[in-house]
Amino acid sequence: MTKVASIIGGGVIGGGWAARFAIMGWDVRVYDPDPEAQRKIGEVMANAERVLPMLYEAPMPQRGAITFAGSLAEAVTGAAWVQESVPERLDIKHKVLAEIQAACPEDAVVGSSTSGFKPSELQDGAIRAGQILVAHPFNPVYLLPLVELVPGAATDPAVITHAKGILTDLGMYPLHVRAEIDAHIADRFLEAVWREALWLVKDGIATTEEIDNAIRYGFGLRWAQMGLFETYRVAGGEAGMRHFMAQFGPCLQWPWTKLTDVPEFTDELVDLIADQSDRQSGHMSIRELERLRDNNLVAILRALKQQEAAAGRLIRDHDDRLRGPLGDDVPLVTVQRKIPVDWTDMNGHMNEGRYGQLFSDASEELMAHVGADRAYIEAGHSFFTVETKVQYLHETHAGEDIYVTTHVMMAQGKKLQLWHEMRRTSDDTVLATCDQFLLHVSLETRRSCPPLPKVAAAIDALEAQHAEADQ
Ligand SMILES: NC(=O)C1=CN([C@@H]2O[C@H](COP(=O)(O)OP(=O)(O)OC[C@H]3O[C@@H](n4cnc5c(N)ncnc54)[C@H](O)[C@@H]3O)[C@@H](O)[C@H]2O)C=CC1
Ligand SMILES: C[N+](C)(C)CC(=O)CC(=O)[O-]
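Positions within a chain are numbered from 1, following the residues in the order the chain's sequence is written. Each chain is given a letter, starting from A, and each ligand a number, starting from 1, according to the order in which they appear as written. Reporting of local features is limited, given that this is a predicted model, to residues whose pLDDT is at least 70; pairs of side-chain atoms are given and counted only at 80 or more, and all residues count toward the totals for whole chains, interfaces and linings.

- In the nomenclature of an unreviewed UniProt entry, the protein is known as L-carnitine dehydrogenase of Marivita hallyeonensis.
- UniProt positions are given in the numbering used here, feature names are shortened, and annotations may be inferred rather than shown by experiment. Here is the UniProt Function (unreviewed entry) comment for the protein, exactly as written: "Catalyzes the NAD(+)-dependent oxidation of L-carnitine to 3-dehydrocarnitine."
- What UniProt states about the protein under its Sequence similarities (unreviewed entry) heading is, verbatim, "Belongs to the 3-hydroxyacyl-CoA dehydrogenase family. L-carnitine dehydrogenase subfamily."

Printed below as a string of structure tokens:
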């Protein structure tokens, strides 16, 4: 499969798709008649390049190129994935989908970003309905993993399977929505919350800022890791969901929601909401707000990754797939990464504690390289670090690309001494060094012992190779 993605409509969502595809190694062709589209996508791409790699400990694939096509037909020719992201109007979507299918390969996936149209509505009148499905993403597409994948009755099952595979390779979470309904699953939910919020502002109960605070200081934090039902199961106490439902079930009959009623969409309502939103957040530009949002999302997702929870587990699994075996070159590159935002401190640079993390990651990579991998550790053997000396030579900042080289200085039975150098990728400047001493241990006795023969032989070979390179 040629990794070429075609993005039709390069606004907020198309730009996000373009960035995710390109950063995950796909060449991207964009078509958008807006003369400002190239500038806007450049800015989205800059945001995405700064933060998406921060989610990963493994190096990113070779970046794909983003080019701008002069016509829709030129953009979709030869593409393996075509993503329609034009405005939410059925007449425009029909016209654009017809143009896409007139020029794209028959075996391409044609995904629509539509927030609410059903796939069968999009497929109506299509020349090959089987290749069309809804692939509804969430903003920012380059950070949030969810894609609601909604096939219509006419969608070819092979296209669904193929689409799931591609989205998973992009680090996304394809949620197969089994029954097509207006606004899929998540937007039904968001719409309910949105309507309640409009009522609360319209009725003068709360301001836009108070509503945002009600979400971000409380249940928004719960939803990111447990969703709704798991959260409420816990809220039922020891008796779980049944008790929760018994206690709060009667509220369904009480006036706890105005959802049966829709606020009238008037100019006054728009002014009321927009003016409050301006007072709340107008001191920052949209790009500044995007960067703030992205930094917070990176920190939250990395915390979930550390806990192997929800979207964090997905990123961890993707990380494992991206991480290839180490090469045989000297110097041996053990780590290549971007410094994430949550590694910096009040001084505005990488905190000293994180250097320990980085060099620990480097020695873990080396251990796996010589056969002391996860299986070896689970079988009862490992290396423990007993001494490290770190030299901090230059400041390192969030967003910088760095790599670590690891040199085996000494390997004698249970003793292992490593020398790590952390360098800036752009100019190879040495930013920090680490002299690290490790002992091989039995995890059963918790005492030192020689490595098993295969691992000992691999370390000895590496020591000899590194010593020879030193001469
Ligand atoms: N903004 C959001 O939060 C989300 C939007 N979506 C969906 O994504 C789709 C796009 O929405 P946005 O990116 O927000 O809109 P947008 O207004 O930011 O971008 C739409 C882009 O389509 C371009 N366009 C218009 N006609 C075109 C044509 N014939 N061919 C190619 N390009 C054309 C416009 O110039 C514009 O750049 C909609 O279906 C929307 O429901 C999905 C998830 C979230
Ligand atoms: C408001 N919206 C319907 C466009 C929202 C979405 O479709 C998904 C999102 O990113 O919130």
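Read on, since the account is not over.
1. Observations concerning the site of ligand 2
Part 1: Any residue whose backbone-placed C-beta atom lies within 6 Å of a molecule or strand is treated as near that molecule or strand. Around ligand 2, the surrounding shell consists of S115, F138, N139, D187 and L190.
Part 2: Amino acids outside the nonpolar list (Ala, Val, Leu, Ile, Met, Phe, Trp, Tyr, Cys, Pro) and the charged list (Asp, Glu, Lys, Arg) are all regarded as polar, and Gly is one of them. Partitioning the shell around ligand 2 into residue classes produces two nonpolar, two polar and one charged.

2. Notes on the pairing of strand β5 (residues 109–112)
Part 1: Here exposure depends only on C-beta density: within 10 Å of a residue's C-beta, 20 or more other C-beta atoms make it buried, 12 or fewer make it exposed, and intermediate numbers make it partly exposed, the C-beta atoms being placed from the backbone. Per the convention used, a helix needs a DSSP run of H or I reaching at least four residues, while a strand needs a run of E reaching at least two, with both numbered from the N terminus. Taking every second residue as pointing to the same face, both faces of β5 are buried, with V109 and G111 on one and V110 and S112 on the other.
Part 2: Strand pairing is assigned whenever DSSP identifies at least 2 bridges connecting the two strands. Both strand β4 (residues 81–84) and β5 contribute to a ladder of four bridges, which runs parallel. Along β5, the bridge assignment pairs V82 with V110.
Part 3: The pairing of β5 with strand β6 (residues 132–137) spans three bridges and is parallel. Within β6, the residue paired with G111 across the bridge is L133.

3. Overview of the domain arrangement of the protein
Many structure descriptions define interface size as the accessible area lost when the parts assemble.
Part 1: One can read the domain layout of the protein as domain 1 (4–183), domain 2 (187–283) and domain 3 (325–470).
Part 2: Here domain 2 and domain 3 have C-alpha centroids that lie 48 Å from each other. Where each domain starts and ends comes from a domain assignment, either automatic or drawn from a database.

4. Overview of the site of ligand 1
Part 1: Looking at ligand 1, there are 24 residues lining it, with G9, G11, I13, D34 and S115 nearest.
Part 2: Among the elements of the structure, α1 (12–23), α4 (90–103) and β6 are those that each provide at least two residues to the shell around ligand 1.
Part 3: Broken down by class, the residue content of the shell around ligand 1 amounts to eleven nonpolar, ten polar and three charged.

5. Observations concerning the nonpolar core
Part 1: One finds A18, F21, A22, V28, V30 and V82 to be the most contacted residues of the largest nonpolar core, which totals 65 residues.
Part 2: Here the element with the most residues in this core is α1; it accounts for seven residues.
Part 3: Ignoring anything within four residues of it in the chain, the contact list for V28 reads A5, I7, A18, F21, A22, G64 and I66.
Part 4: Here a nonpolar core is just a set of buried residues of the types Ala, Val, Leu, Ile, Met, Phe, Trp, Tyr and Cys, joined wherever their C-beta atoms sit within 7 Å. Counting 26 residues, the second largest nonpolar core, distinct from the first, contains L416, L431, L438 and L462. We call two residues in contact whenever the C-beta atoms placed from their backbones are within 7 Å.

6. Considering the UniProt feature "binding site: NAD(+)" (unreviewed entry) in the protein
Part 1: Taken from the UniProt record, the annotation "binding site: NAD(+)" (unreviewed entry) applies to G9, G10, G11, V12, I13 and G14.
Part 2: For G10, a count of 27 C-beta atoms within 10 Å gives the class buried.
Part 3: Topologically, G14 is positioned in helix α1.
Part 4: Residue G14 is classed as buried on the basis of its 26 C-beta neighbours within 10 Å.
Part 5: With sequence-adjacent residues up to four places away left out, G14 is seen in contact with I7, G9, V30, D32 and S85.

7. Regarding the sheet that holds strand β2 (residues 27–31)
Part 1: Taken together, eight strands build an open sheet; the order of strands is β3-β2-β1-β4-β5-β6-β7-β8 and the sheet is mixed. Only two strands of the sheet have a single neighbouring strand rather than two, namely β3 (66–68) and β8 (173–176). The sheet shows a mean angle of 25 degrees between the axes of neighbouring strands, direction not considered.
Part 2: Those strands touched by α1 are β1 (4–8), β2, β3, β4 and β6, and its axis lies near 165 degrees from that of β2. Between N-to-C directions, angles span 0 to 180 degrees; the directions come from axes that are lines fitted to C-alpha atoms, helices contributing only their stretch in contact.

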